[in-house]
Amino acid sequence: MGTFANDVRYGKRAGPSQRGFDRAAWEAAATPAFDDDDTRVHQAGLFFDVLLSQLRAWIALDDIKVSPGAAVQLAVAVCNRNLAQLQRDMEGTRTRRNGAPVIDLPDLLEQKLPSVLGELFAPDELITGMGDGLRHMLRQLMARGADTRGDTSFSADTLEATATEINKAIIYQCAVEYWHDCVGNTYGVSAERDGLFIRPSDAARETARILSIYRRNNLSLQFGLQMAMWWRELDAARREKISRIILPKKLHGVGSIERIDLGNSARVLDLAATALGEALAVQLGYYRGFLDEPLPRFNGVALTLLIDTWRFLQAVGTLMNDGLLRMRGEIDTARCAPSIPLRVLVPSVARSLGIAPAQAQRALDALTFDGSPTRDLWCQPLVRIGDAVVLMLPCILSARLLRIVEGWMRQGGLQLDRRGTPFEVYCRKELKEAAAACPLVGCATVLDSAVTFTPPGGRSEEIDIVAVIGRNILILEAKCILWPDDALQFTNYHDTVAGATAQIERKRTAVVAHLEAFRQCLRDKGCAIPDDAFVTACVLTNSPVYAGFPIDGVPVVDTAMICHYLANRYTKAEMFEAGRSVHRHDLTFYDTVEQAADRLYGQLASPVELSDIRQYVTTRAVQFPLQHSLYGPVFHQTYEVVLDRDAMQQRYGPALAEAEPAGT
């Protein structure tokens with residue numbers, strides 16, 4: 001990447017989505033010394049300057065003829081209604097057998113629904129658009145003055161105007177993301193006969209990103225199903241003990257919630273099972289050592305208290321949403337965002353969590369969106385209106401808690417570079433348990449700590465994790481990276497992984513050049529190494545993003561991939577009926593220790609976890625809802641996964657569409 005493209009990416013030169021963009025200076029910056037990336041970003045910037053200027057002129061918040069506070073509440077109400085309607089639409093497309101809905105993970109992952117403008121999008125894309133797009137709209141409304149009065153009475157014209165402006169905000173945010181794809185994910189613009197196309201110049205890298213997202217979503221759905229089945233097996237007393245807090249069971253009020261009743265009935269606990277599962281995953285994972293640390297920018301509130309408060313709000317949101325879904329006929333927007341007075345919410349949270357009201361207030365403050373640049377609706381799903389708040393349901397019911405916790409860590413002032421060591425400890429524990437589960441006793445040994453190796457006459461190298469599989473010495477560079485969601489976050493994630501592959505390759509080269517010295521180093525730690533040992537190196541990340549896609553020949557994997565191999569079992573497909581497994585297709589990787597050593601690199605470089613979905617990547621083109629004033633129709637071209645169900649059924653049968661597969 002050349003100097004110009006780098007300057008744009010790292011904010012040294014303002015792009016068309018930023019204040020300070022100077023088109024004349026941008027045009028004048030072009031030089032014959034530009035490389036391909038410089039030219040690509042430069043051309044895209046000129047195109048997006050026109051498109052984003054069109055969109056900014058199109059936005060008309062003045063068309064919402066109510067006070068800023070009322071407009072804020074109405075905007076949240078429209079998004080909450082849209083979520084409920086989206087869920088109704090999703091339910092209507094579900095596969096059914098004997099009248100009952102069937103959970104089919106590929107179905108859910110590939111499901112597409114029409115937006116208000118007709119294009120097909122995945123539900124997650126539509127929900128993400130609401131959360132990201134509304135953030136900017138609310139900031140503009142909150143900046144309009146001191147009037148923060150909310151009101152649930154409005155005309156049909158006001159409702160239509162608000163819905164229109166929300167759609168514009170989502171479309172604008174979509175265009176900004178397309179621009180960021182050009183800045184960070186190798187996309188470029190190309191004027192063609194049918195219009196202007198925005199497509200990736202590095203197809204392999206973008207395919208890897210799309211496949212990663214598909215697998216990440218698949219794993220998330222699998223986790224939700226596993227939690228539901230686990231929860232179903234627990235008795236009432238065990239559920240109550242695990243929950244720890246007393247959850248909301250009933251909300252009183254329509255336009256305003258005037259009372260919140262608490263009580264852990266069976267129904268309440270069932271509705272809260274998914275949120276509890278996500279909380280447990282965080283509390284038992286590699287962040288557990290940080291959970292009780294006071295966060296300085298959140299007035300000393302710790303992550304544990306934020307997680308418990310988030311669970312309370314998630315339960316409130318579930319009750320609200322359940323009420324909307326049970327409405328007959330059209331969903332009444334006036335009932336979609338009732339205000340919750342702080343005089344009601346604060347003591348309710350305090351009683352639920354068993355804490356002082358002052359603590360509850362501080363926790364709620366940390367979860368409240370105030371329009372400032374450092375806050376967003378995913379981490380702060382409460383929106384303040386005077387002495388009350390409204391709850392943004394898409395951002396509390398559809399969020400992944402791990403991503404939210406990492407956002408709180410960043411916002412709250414935790415030093416993120418401290419996460420590496422706990423992640424390494426967590427990985428060693430997971431790898432040791434997987435190795436112990438392998439039927440081939442003693443096939444793999446995972447060392448208890450990092451290994452510092454100083455080759456004769458060379459620099460000292462610290463190797464995060466070392467495992468010995470037969471005669472194969474596996475050295476791992478562990479990277480704990482923030483959950484990526486938007487285009488630039490994916491770019492930063494890829495760069496971090498690429499840097500890690502260079503690091504571990506340097507360490508591998510040093511080990512191979514002085515293998516006998518390294519073998520002695522491991523012997524000193526009590527690990528016997530065969531005379532014919534050889535070395536494999538890879539990067540181990542904390543998420544599926546780019547896992548399974550080597551960089552410069554160095555494998556990149558996640559914990560699950562390594563653990564599957566060490567345990568010598570991977571469940572390719574599984575089906576359930578009434579919570580009971582009725583069919584499972586398991587794969588093994590090797591029959592002997594020698595095979596385990598020899599086949600390791602091949603599995604890490606091309607994991608079986610991706611072997612099927614790699615075959616079903618297809619091009620996806622989405623027409624942008626607004627035409628470019630100079631080039632006409634605009635198309636964003638990327639990739640998607642569309643499985644061949646017949647082929648999968650023949651390969652892993654019986655029919656996957658008739659039960660609950662664990663995923664592919």
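> Explanation requested: the sheet that holds strand β16 (residues 465-469) in the structure shown.
Strands pair in a sheet through their backbones, by hydrogen bonds, and they do so in one of two ways: parallel or antiparallel. With respect to topology, five strands assemble into an open sheet ordered β13-β16-β17-β18-β19, the strand pairing being mixed. Both outer strands of the open sheet, β13 (444-446) and β19 (556-558), are each paired with one neighbouring strand and no more. Each strand of the sheet is rotated relative to its neighbour by a mean of 30°, with strand direction disregarded. Pairing of strand β18 (residues 534-541) with β19, which is carried by three bridges, proceeds in the parallel orientation. Within β19, the position partnered with Leu540 by the bridge is Val557.

> Sorry if this is basic, but what is going on with helix α3 (residues 36-58) here?
Quick reminder: α-helices carry 3.6 residues per turn. Residues three or four places apart thus point the same way. Taking 1.5 Å of rise per residue, the 23 residues of α3 would be expected to cover 33 Å, and the 33 Å separating its terminal C-alpha atoms lies within 8% of that figure. With a side-chain oxygen lying 3.1 Å from the backbone nitrogen of Asp37, the N-terminal cap of α3 falls on Asp35.

> Help me understand unusual backbone geometry in this model?
A negative phi holds for most residues other than glycine; trans holds for most peptide bonds. Of note, Thr186 is a non-glycine position whose phi angle comes to about 70°, a positive value. Along the polypeptide, Thr186 turns up in the loop between α7 (156-184) and β5 (187-192). Here Thr186 falls in the buried class, since its relative accessible area comes to 11%. Phi is positive for Asp552, which is not a glycine, with a value near 55°. Within the secondary structure layout, Asp552 lies in the loop between β18 and β19. For Asp552, a relative accessible area of 76% translates into the label exposed.

> Help me understand the side chain of Arg519 in this model?
Structurally, the position occupied by Arg519 is in helix α19 (residues 515-524). Its relative accessible area of 5% is what places Arg519 among the buried residues. Here the side chain of Arg519 touches Ile529 through a polar contact of 3.2 Å, landing on its backbone oxygen. Ignoring any residue separated from it by four or fewer positions in sequence, one finds Arg519 in contact with Ile529, Pro530 and Asp531.

Conventions we followed
Throughout this document, residue positions are counted from 1 along each chain, in the order its sequence is written. Given that the model is predicted, a residue must reach a pLDDT of at least 70 before its local features are reported, and side-chain atom pairs must reach 80 or more before they are shown or counted; all residues, however, enter totals for whole chains, interfaces and linings. Water and hydrogen atoms play no part in the side-chain values, which are based on all heavy atoms of the structure. Strands were regarded as paired on the criterion that DSSP finds at least two bridges between them. Helix and strand definitions here come from DSSP, where helices need a minimum of 4 consecutive H or I residues and strands a minimum of 2 consecutive E residues; each element is numbered from the N-terminal end. Interaxial angle, 0 to 180 degrees, is taken between N-to-C directions of lines fitted to C-alpha atoms, where a helix line uses only the stretch in contact. The span expected for a helix works out to 1.5 Å for each residue beyond the first. Two N or O atoms count as a polar contact when they lie within 3.5 Å, although within protein this holds only if one can serve as hydrogen donor and the other as acceptor, and sequence-adjacent residues are included solely when both atoms are side-chain atoms. Here the term buried applies to any residue with accessible area under 20% of the maximum for its type, exposed to any over 50%, and partly exposed to those in between, with areas from a 1.4 Å probe on protein chains only. Contact between two residues is taken to exist if any of their heavy atoms lie within 4.5 Å; hydrogens are not considered.

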